[in-house]
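Commentary on secondary and tertiary structure
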Amino acid sequence: MKAIFFATVLMLSLVGYRSATPLNISGTVYDQSSGNALIGVQVSVEGAGTAVATDANGHYAISAEKGKYLAFHFIGYESKRVKVGKDSVIDVKLNPITENLEEVVIVGHGVQAKSELVGSVAGIRIRGMSRTGYTSQVYMPQPVNTESYKGVTENRFFNPLDEPLSTFAIDVDAASYSNFRRFINNGQLPPIDAVRIEELINYFQYDLKGPSGGEPVAIHTELAVAPWNPEHRLLRIGLKAKSVPTDKLPASNLVFLIDVSGSMMGVNRLPLAQASMKMLVDQLRANDHVAIVTYAGSAGVVLESTPGSQKTKIKDAIDALHAGGSTAGGAGLQLAYRIARQHFIKGGNNRIVLASDGDFNVGSASDSDMEQLIAKERQSGVSLSVLGFGMGNFKDSKMELLANKGHGNYAYIDNITEARKAMVTEFGGTLFTVAKDVKVQVEFNPGKVQAYRLLGYENRLLEKEDFNNDGKLGGDMGVGHTVTALYEIVPMGVKSTYPGDVDPLKYQPVKERPEVRISDEIATVKFRYKDTEGDKSRLQQVTVSGKPQELSEASADFRFASAVAELGMLLRNSDYKQQADYDRLIARAKGAKGIDDEGYRAEFIRLAESVKLLAKSNELAAESD
């Protein structure tokens, strides 16, 4: 009898604690001022990762538990949150934000500009179809592409008799690759200035031996025939940072600085940023701490510094964020630095993680304003890592500047897989620095080298005097990071138009060429770095000598990196692409895929094949015009 009683109580308990049944909610979203239905409004369940869009009549349907919040986001309108109660029908009215928009009308055979038919208003009007004709009107803002990229002047060939030294700061950023991927997956070739060859190459990890003897970084070189010109040589310089087990990493004092302005509306913006940050939260340990600062029209603290063990509390604060308003990025940065300084951990990882589209439009907004602010704040020992989101209004130029000047790195997150790569797979490299202000300087032997050219790193070039100047910033390397730089070399004795000739000088005699010391060395590679807590740099160097390998004998990593560089030159329509060829680089990448557990190299091959097709399509379209 007792057994039956306890079984009954247990059954009733389980029934009482069963999870809430989601409600099937539907409704219509309207323009507050006109009463017209709105098409394409994003309707999401906060904290659930579920989202739908309103249809041609402004209708939506979604499942959500009682007590959850529905979030309504639409470009050109103020966002709105509605708590789910007993009602299964929730109609919503959104307030418009004044914008310069073009009106269009859907007609039987397609879409025409409204101005071509009956004039123009602020908005896009779409009339829904039914069996009896047009039945309803909906408004949708006209998307305007305001993305910005810093102009890149491609590196040229130099004669080592005139310019024996090539100096640059290393770059571990990979934002250009994921941004390029976004364009290709959307059926477009990227703008030329969006393609930074060094970031394409450094998106991938390479199999390099780590440092020994307590050094944080090891240096490696490899020389082979250049794929796009068999008479030239390709020199690969590889750096490998030491690996550190997660439990041995220093405690972190993190400040999540999240842009919640109106420009972050949309599934590929704030919701993706929230998902990315929650992945990062899952990696935190009990001795790590996180504060959350947000900014829109103004900046504020959403979550005070909280131990990493309180993951639910941190994630709830992230889930509660919603987008709307202008973008006071300068105020947000200032507040984030202040919070980071207040909780500074001596010997720890003190870092701001900024998630934004870079569209700052209130307060300190110009590149020079941002640079001055960060130059002042980085002296505090707080680093700045940047995660870029969004499309159409993405400000790549500003995001890259912030990371470069803030002793941090920069990644563009175009999908949840890329978020996992940055926040989970490469967690240590993203957040934990093992060597800072890393610089490379290569001296070429004019007895062996007729001309040389650095592929990429145009935004990271330094004056030769900057190499020994510890006051000049270099790049930072995180745990396990690899960095690759490629130089194309024209050997002595090869007939070449590079680097080019100039007429004899008129007003001064021709300088005598210095005597060249006979040596088999092709180049000497030096690099400097500082320890994470140090202010004085240390020097390492290696020499490059010997005959180059045939390309088929080079390492798989060399061949794969050269394929990535070759695609970059074709994307940029480089003046130096020479005999670069899609079919050959794709075949070389396939043969050098190697161990590819995460599938990144296979994905590159698919993207390269898509680029080939898009480029051919563009050529045919240009010929037909």
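Residues numbered from 1 in each chain as written. Predicted model: local features only at pLDDT ≥ 70, side-chain atom pairs only at ≥ 80, totals over all residues. Heavy atoms only, no water.

On to the nonpolar core. Within the largest apolar cluster, 68 residues are counted, with the highest numbers of intra-cluster contacts made by Ile170, Leu239, Phe256, Ile292, Phe444, Met477 and Tyr487. Ranked by the residues each element gives to this core, the list is headed by helix H4 (residues 270–282), at seven residues. For isoleucine 292, the residues in contact, after removing those within four places along its chain, are Phe256, Ile258, Gly300, Val301, Val302, Leu303, Ile314, Ala317 and Ile318. Membership of the second largest hydrophobic core comes to 43 residues, among which are Phe180, Ala224, Phe560 and Ala565. (Core = buried A, V, L, I, M, F, W, Y, C linked by side-chain atoms within 4.5 Å. Buried < 20%, exposed > 50% of the residue type's maximum accessible area, 1.4 Å probe, protein only. Helix = DSSP H or I, 4+ residues; strand = E, 2+ residues; numbered from the N terminus. Contact = heavy atoms within 4.5 Å.)

What follows covers the pattern of salt bridges. This model, assessed by the stated rule, comprises 25 salt bridges. In this structure, the salt-bridge partner of aspartate 282 is lysine 315, at a minimum N-O distance of 2.6 Å. Of this pair, aspartate 282 sits in helix H4 while lysine 315 sits in helix H5 (residues 311–319), placing them 33 residues apart in sequence. The partly exposed category is assigned to aspartate 282, whose relative accessible area is 41%. Two residues, glutamate 465 and lysine 464, come together in a salt bridge whose shortest N-O distance is 3.6 Å. Among the charged side chains, a network of salt bridges with common partners joins Arg181, Asp414, Glu418 and Glu603. (Salt bridge = Lys/Arg side-chain N within 4 Å of Asp/Glu carboxyl O.)

The strands that make up a sheet are held in pairs by hydrogen bonds between backbone atoms, and each pair lies either parallel or antiparallel. Strand order in the open sheet made by the six strands is E18-E17-E16-E19-E20-E21, with mixed pairing throughout. The two strands at the open ends of the sheet, each matched to only one other strand, are strand E18 (299–307) and strand E21 (410–412). Between one strand axis and the next, the sheet turns through 15 degrees on average, direction left out of account. In this sheet, strand E19 (residues 349–356) lies alongside strand E16 (residues 252–259) in parallel orientation, the contact comprising seven bridges. (Pairing = 2+ DSSP bridges. Axes fitted to C-alpha atoms, helices over the stretch in contact; angles between N-to-C directions.)

It is the contact of H4 with helix H9 (residues 416–425), at a shortest axis distance of 9 Å, that shows an interaxial angle of 30 degrees. Comparing their axes, H9 and H4 come out roughly parallel. Relative to H9, the crossing made by H4 is right-handed. Only Ile416, Ala419, Arg420, Met423 and Val424 of H9 make contact with H4, whose side of the interface consists of Leu272, Ala275, Ser276, Met279 and Leu280. When the residues that make up the contact of H4 with H9 are grouped by side-chain class, the tally is eight nonpolar, one polar and one charged. (Parallel < 35°, antiparallel > 145°, perpendicular 65-115°, else oblique. Left-handed = near helix turned anticlockwise from the far one by under 90°. Nonpolar A, V, L, I, M, F, W, Y, C, P; charged D, E, K, R; others polar.)

This paragraph deals with the environment of proline 250. If you trace the backbone, proline 250 turns up in the loop between strand E15 (229–241) and E16. A C-alpha to C-alpha distance of 5.1 Å links proline 250 and glycine 348, two positions 98 residues apart in sequence. Excluding residues that lie within four positions of it along the chain, proline 250 makes contacts with Arg285, Asp288, Gly347, Gly348, Asn349 and Phe432.

So, on to the pairing of strand E5 (residues 59–64). Each regular strand shows side chains that alternate between the opposite faces of the sheet. The alternating pattern of E5 places Tyr60, Ile62 and Ala64 on a buried face and His59, Ala61 and Ser63 on a face that is not buried. Two strands pair when backbone bridges link them, and strand E1 (residues 23–31) and E5 are joined in this way by six bridges, in the antiparallel orientation. Paired with glycine 27 across the bridge in E5 is tyrosine 60.

Once that is clear, we can look at the pairing of E18. In the sheet, strand E17 (residues 289–295) pairs with E18 via six bridges, with the strands oriented antiparallel. Bridge pairing in E18 links valine 293 to valine 301.

The description of two aromatic rings rests on the distance between their centres and on the angle between their planes. Under the defined criterion, the tally for this structure stands at 21 aromatic pairs. Centroid distance phenylalanine 204 to phenylalanine 604: 6.0 Å. Interplanar angle 85 degrees. Geometry classified as edge-to-face. Here phenylalanine 604 lies in helix H13 (residues 600–624) and phenylalanine 204 lies in the loop between helix H3 (197–201) and strand E14 (217–226), a separation of 400 residues in the sequence. What makes phenylalanine 204 buried here is its relative accessible area of 3%. Here the aromatic residues Tyr177, Phe180, Tyr203, Phe204, Phe560, Tyr600 and Phe604 are joined through ring pairs into a cluster of three or more. Here arginine 182 stacks its cationic end above the ring of phenylalanine 183, 4.5 Å away from the centre of that ring. (Phe/Tyr/Trp six-rings, centres within 6.5 Å; stacked < 30°, edge-to-face > 60°. Lys NZ or Arg CZ within 6 Å of the ring centre and 35° of its normal.)

All right, on to the sheet that holds E14 then. One open sheet accounts for four strands, arranged E14-E15-E25-E23; its pairing is antiparallel. At either margin of the open sheet sits one strand with a lone partner, and together these are E14 and strand E23 (449–455). Put simply, the sheet's adjacent strands are angled 25 degrees from each other on average, direction ignored. Of the strand pairs in this sheet, E15 and strand E25 (residues 482–491) are connected by eight bridges, and their pairing is antiparallel. The residue of E25 that forms the bridge with lysine 240 is threonine 482. In the packing of helix H11 (residues 556–571) onto the sheet, contacts are made with E14, E15, E23 and E25, and the angle to E15 comes to roughly 110 degrees.

What follows deals with unusual backbone geometry. In this chain, tyrosine 498 is followed by proline 499 through a cis amide linkage whose omega measures 0 degrees. With respect to the element layout, proline 499 can be found in the loop between E25 and strand E26 (521–530). Of note in this structure, aspartate 437 is not a glycine but carries a positive phi near 50 degrees. By the element assignment, aspartate 437 lies in strand E22 (residues 433–444). Of the residues examined, aspartate 437 reaches a relative accessible area of 4% and is grouped as buried. The phi torsion at tyrosine 457 lies on the positive side, around 65 degrees, for a residue other than glycine. Inspection of the secondary structure assignment puts tyrosine 457 in the loop between E23 and strand E24 (475–478).

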